[in-house]
Every structure is written in C-alpha cells, then in structure tokens.
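A structural walkthrough
Given next are the chains, with one letter for each unit.
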Amino acid sequence: MQKEMENDNNLKESRQPGRIVVLGAGESGAGAAVLAKLKGFDTFVSDASTIKEKYKAQMDKYGIAWEEGHHTEALILNAGEVVKSPGVPNDAPLVLKLKALGTPIISEIEFAGRYTDAKMVCITGSNGKTTTTSLIYHIFKSAGLDVGLAGNIGSSLALQVATTHHDYYVIELSSFQLDNMYAFRANIAVLMNITPDHLDRYDYSMQNYVDAKFRITQNQTSEDAFIYWNDDPVIRRELAKYGLKARAYPFAAVKKEGVIAYVEEGEVKFDAPIAFNMEQEELALCGTHNLYNSLAAGISAKVAGIDNAYIRRALSDFKGVEHRLEKVATVGGVQFINDSKATNVNSCWYALQSMTTPTVLILGGKDKGNDYSEIEALVRQKCTALVYLGLHNEKLHQFFDAMGLPVADVRTGMKEAVEAAYRLARKGDTVLLSPCCSSFDLFQNYEDRGDQFKKYVREL
C-alpha cells in the first residue's frame, strides 16, 4: 500500500502543466491536437485503434507526436491536461487512472471554446439534433453570416478555431461531448427531446443521461437563449432542477399557454423574440418530427436577428440530411428508405410514424439498453415483415417474434439484409432501414451502414 501511494505521488509530481495529451485521433482529437500545438503546448496524441491516414497527415503537418494501436502510459500520465475524444468511455482504465491522479479531462469543444469569442449555437437531444443543426447552419449561411459547422457533423471545432475565424459556430453536441464540458457557454442552446439512449454509457441510469443533456444550459446567462420542445415529458419534469437563467423559448405542435412557436390553422407562427409566420406546407421537411426541427431552427435564427425573408426561404429550400429518412430508390415497385441515423428506438418511432405504405422494417445492431415497447404499436400497425440485422438478435426475437410477422434473421451483413427485405416486400411496399441500435457490431458507423444499404439497394 505504501509503495502504491508513493507511485501515485510520483506520478502527480511528474505532471507537466504545459503538456496536453489527446486521447483518440479522429476528427475531434486530431483537431484538438492542432489547436494545442499552435497554442504552444507540448502535444501528444494516443489512440488505441488505427488512426486514419488523413489524420496522421494532418498531425505530421504540424509536427505533432502520435501513437496508434496502444497507449504508452508513461507518455500520457504526465499530462497537465487531457482532451478526451467522445468515443473514449469515461470508465476506460486509462481514464480512471488519470482521474485518480487528479488530471483535468475535458472535451475538444471545451478546449476550443477557450480560444474563440464567436457566438455558440449548440444543439443536443436524443433525436433530431443533426437535422436541426444542419438546418440552422443552412439558415445562417443563406443569410450571409460568417458561420462554421462543428461537433458531431462538420469539421472539428478546435481545428476551425485554430486555422480560421467565424462569427458563429453551429455545433451538434452528443451527451458524451457534454460530459466533459465545464466552462463552455452556449449563447443559444437547443434541447430537442430526451428519450432513453446510450444508457450503457450511463450505468443504465436515465437520470445520469438526463443530467448530461441538461449540461448544455450550464453557464448560460440572462443574455442567452434556451430553446426546447415544450411537450417532452422528461424536459418538462426536469426543467426546475437546473436553475436556468437563459431566456426560455419553448415550442410545440399546437398553440398553448407559454409556447412561443407553434402551428395554427396551417401556419407556422412565432410570437417571440420577433413575430414570424409562414405556411406549413411551404416547409421543405415533412412529418411531425421535422416540424419540431423547423421550429427550433427558426427560433434560433430569430434570436440571432436574422430577417424573416431569409428564414422563410431557407426553411423552404433545405435539402435534408443524409441517412435520415433518405429516399434511395424504387425497385420493382418497392421504395427503399435509408434511416440509418435512427440509432435509438425513439428515432425509429418517428420514422415509422411517417410511413404511409406497408413497411418491411430492417432493425438491429448493438443494443444500448433499448426498450422496444415504444414502437410496438407502430410495428403492429405499419409493418408487414421484419429483418433483424446484427450479430446478436436474441433480444429482437424475444420481443417481436410473438407478433407473428414474417421475420428474416441476418447476421452476416447489409447485402443479405437488403435481399431478404426485397424478398419479403410486395409491390407498393416500403423497405425502411431504421435500426434502433448503434452500428458498431457489423459496421464502422451509421454512415457506413447507410452507405452500404444504398449500395446494395442500387445493385438489386
């Protein structure tokens, strides 16, 4: 015991204040490393997996030391501060060792926020955040504002701060990124909804996940804006707990007390911060979930002072987001829709709700503690067959087989899943890839899953 205490003390004493270690060398980590290097830190990057060639080249360009395939503790535990990529779990052994030493561990977003005075428009939620983020960026860009796109989509915020300058950043934030943000301040914070997701990363505690999402409001002042879906039961229940100081801008599908954006008699209406209205049928995005996305984006633009004409035009000409209810092709009278970004059950619920023809649903992947009862009624109502796609489909069998629908079990890959769905579909049906699960059992990420779906559909 005495020897362990001495070792810990020695490690603490060896920490170097001017040394930044970045864990993970993807878009986030590589960008953070460039910013750290340009700000004069002794910078080292470590990734337990293989680093993509483009990130190696980026780090080499700036003379940044890096390693891949392992972690050399002697080069990491002496860090004065660690920037942790969102994909690295908080309970990873190396992270736990750093915490025991008292080493500050922050996110790339937290780190980048120290070096810019740009206005931050930040979006989170279990569903809808990518579409809303992209739509806000589209409105700001169309209005001629100097704006960058960052976070889970776009380029690394840290890299943009290091190498360019923008007046605004529109940032999609996952709960993982929010976990390691402390002093960062969102000038405009958007919370779309909160439904069970990633519970495997939060000790299967919904409250832990909720607390992570509400971190988007921390450090906000009365000069800032907090935009949220008024009818989300979790948000409504939790609002009072967090001592919110920002101006509140709640939205809903219909007008009710306290709501400032809604639809009334076919018109989208904003009562604050400045009145705005447009015909709902003019919105580029269809479906209830996309109405919420449009309302949140429109409020964000109004808070930023963008003129109504720009908002109206951008809301009507937005092209949508890849892998989110993306129409791929119609083959033999069967329509194929790629909703690979539906990595939780609630996203699949919205997708199924929007289906207007009999549907063959492809679902499955790496389960995150899913409760499939949320989509049970819609599966019974909308689906004619199911395709289970994953290495471990036992939970899907246990829940869905009792419905008596035709089922195909695919554990090999997307080609077989597409072919099975096509066999099960009839002319006039829709094949919907809306997996409810993360992609990491058979695919690199949800983009890879969606790209393979599109590839094999087009080869039918």
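Below is a summary of the structure that appears in this document. In this text the structure is predicted, and so the values were computed from the model without any measurement.

**Things to note about the layout of surface pockets**
Here the second largest pocket defines a volume of roughly 510 Å³. Cys286, Asn290, Arg324, Leu325 and Lys327 are, among the 22 residues lining the second largest pocket, the residues nearest its centre. Of all the secondary-structure elements, those providing two or more residues to the lining of the second largest pocket are helix H11 (288-303), strand S15 (326-331) and strand S16 (334-338). Grouping the constituent residues of the lining of the second largest pocket by class yields 8 nonpolar, 10 polar and 4 charged.

**Focus on the sheet that holds strand S11 (residues 247-254)**
Reading across from one edge, S7-S8-S6-S9-S10-S11-S12-S13-S14 is the order of the 9 strands in this open sheet, with mixed pairing throughout. Every other strand in the sheet has two partners, leaving strand S7 (147-151) and strand S14 (276-279) as the edge strands with one partner each. Taken pair by pair, the neighbouring strands of this sheet meet at an average axis angle of 20°, ignoring direction. Strand direction decides the pairing type here: strand S10 (residues 225-229) and S11, joined by 5 bridges, are parallel. Among the inter-strand pairings, Trp229 is bridged to a residue of S11, identified as Phe251.

**Notes on the pairing of S10**
Within S10, 5 of the 5 residues are buried, which leaves it mostly tucked inside the rest of the structure. Of the two faces of S10, the one holding Ala225, Ile227 and Trp229 and the one holding Phe226 and Tyr228 are both buried throughout. Sheet topology note: the strand S9 (residues 188-191)/S10 ladder contains 4 bridges and is parallel. In the strand pairing of S10, Ile188 is matched with Ala225. The parallel pair S10 and S11, bridged by helix H10 (residues 233-238), forms a crossover whose chirality is right-handed.

**Describing unusual backbone geometry**
Of the consecutive residues Ala272 and Pro273, the connecting peptide bond is found in the cis state with omega at -5°. Among the secondary structure elements, Pro273 is positioned in the loop between strand S13 (267-270) and S14. In this model, Glu265 sits at a positive phi of 50°, which is unusual for a non-glycine residue. Examined against the element boundaries, Glu265 turns out to sit in the loop between strand S12 (261-264) and S13. Given a relative accessible area of 81%, Glu265 falls into the exposed group. Notably, His323 is not glycine yet its phi reads approximately 75°, a positive angle. By the secondary structure assignment, His323 is in the loop between helix H12 (308-317) and S15. Note on His323: relative accessible area 3%, which makes it buried.

**Description of helix H13 (residues 345-353)**
Along H13, 7 of the 9 residues are buried, which leaves the element largely enclosed by surrounding structure. All of the buried residues along H13 are Val345, Asn346, Ser347, Cys348, Tyr350, Ala351 and Leu352. In this structure, the buried side of H13 is in contact with S10, H11, strand S17 (359-363), helix H14 (373-382), strand S18 (383-389) and strand S20 (430-433). Where H13 begins, the capping side chain belongs to Asn344, and its oxygen is found 3.3 Å from the backbone nitrogen of Asn346.

**As for the sheet that holds strand S19 (residues 407-410)**
Sheet architecture is open: 6 strands sit in the order S15-S16-S20-S17-S18-S19, paired in mixed fashion. Every interior strand has two partners, whereas the edge strands, S15 and S19, have only one. With strand direction ignored, the average angle separating the axes of adjacent strands in the sheet is 20°. Here 5 bridges tie S15 to S16, and the two strands are oriented antiparallel to one another. By the bridge assignment for S16, Glu326 is matched with Asn338.

**So, the side chain of Asn338**
Secondary-structure assignment places Asn338 in strand S16. Among the polar contacts listed, one links the side chain of Asn338 to the side chain of His323, at a separation of 2.9 Å. A distance of 3.0 Å separates a polar side-chain atom of Asn338 from the backbone nitrogen of Ser340.

**Thoughts on helix H4 (residues 93-100)**
Count 3.6 residues to each turn of an α-helix, and residues three or four apart come out pointing the same way. Along H4, the residues classified as buried are Leu94, Val95 and Leu98. Projected down its long axis, H4 carries its buried residues within an arc of 100°, all on one side. Along H4, exposed side chains directed more than 90 degrees from the buried face belong to Pro93 and Ala100. Elements that come into contact with the buried residues of H4 comprise strand S1 (16-23), strand S4 (79-84) and strand S5 (105-106). Just past H4, the residue Gly102 takes up positive phi, approximately 80°.

**Comments concerning empty space enclosed by the protein**
Throughout the structure, instances matching the rule amount to 2 cavities of 30 Å³ or more. Reported here for the largest cavity is a volume of approximately 90 Å³. Asn127, Gly128, Thr131, Met192, Asn193, Trp229, His289, Tyr292, Asn293, Arg324 and Tyr350 together form the lining of the largest cavity. Of the residues forming the lining of the largest cavity, the biggest block, 3 residues, is contributed by H11. Taken together, the residues of the lining of the largest cavity break down into 4 nonpolar, 6 polar and 1 charged. If you add up the space inside the second largest cavity, you get close to 50 Å³. When its residues are assigned to classes, the lining of the second largest cavity shows 7 nonpolar, 1 polar and 2 charged.

**Details of the packing of aromatic side chains**
Scanning all chains against the criterion turns up 15 aromatic pairs. For the ring pair Phe336 and Tyr422, a centre distance of 6.1 Å and an interplane angle of 50° mean the geometry is tilted. Of this pair, Phe336 sits in strand S16 while Tyr422 sits in helix H16 (residues 414-424), and the two are 86 residues apart along the sequence. On the basis of relative accessible area, Phe336 is assigned to the buried category, the value being 0%. The exposure class of Tyr422 is partly exposed, given its relative accessible area of 30%. For the ring pair Trp349 and Tyr350, a centre distance of 5.2 Å and an interplane angle of 85° mean the geometry is edge-to-face. By relative accessible area, Trp349 is classed as partly exposed at 25%. On the accessibility criterion, Tyr350 (8% relative accessible area) is buried. Taken together through their ring pairs, the aromatic side chains of Phe214, Phe226, Tyr228 and Tyr242 make up a single cluster.

Parameters at a glance
Residues numbered from 1 in each chain as written. Predicted model: local features only at pLDDT ≥ 70, side-chain atom pairs only at ≥ 80, totals over all residues. Heavy atoms only, no water. 1 Å grid on protein atoms, 1.4 Å probe; cavity = no way out; pocket = protein on both sides within 12 Å on 5 of 7 lines; lining within 4 Å. Points joined across faces, edges and corners; volume = space filled by probe spheres on them. Helix = DSSP H or I, 4+ residues; strand = E, 2+ residues; numbered from the N terminus. Nonpolar A, V, L, I, M, F, W, Y, C, P; charged D, E, K, R; others polar. Pairing = 2+ DSSP bridges. Axes fitted to C-alpha atoms, helices over the stretch in contact; angles between N-to-C directions. Buried < 20%, exposed > 50% of the residue type's maximum accessible area, 1.4 Å probe, protein only. Right-handed = clockwise from strand over helix to strand, strands pointing away. Contact = heavy atoms within 4.5 Å. Polar contact = N/O pair within 3.5 Å; in protein donor to acceptor, adjacent residues only side chain to side chain. Arc of directions from axis to C-beta. Phe/Tyr/Trp six-rings, centres within 6.5 Å; stacked < 30°, edge-to-face > 60°.

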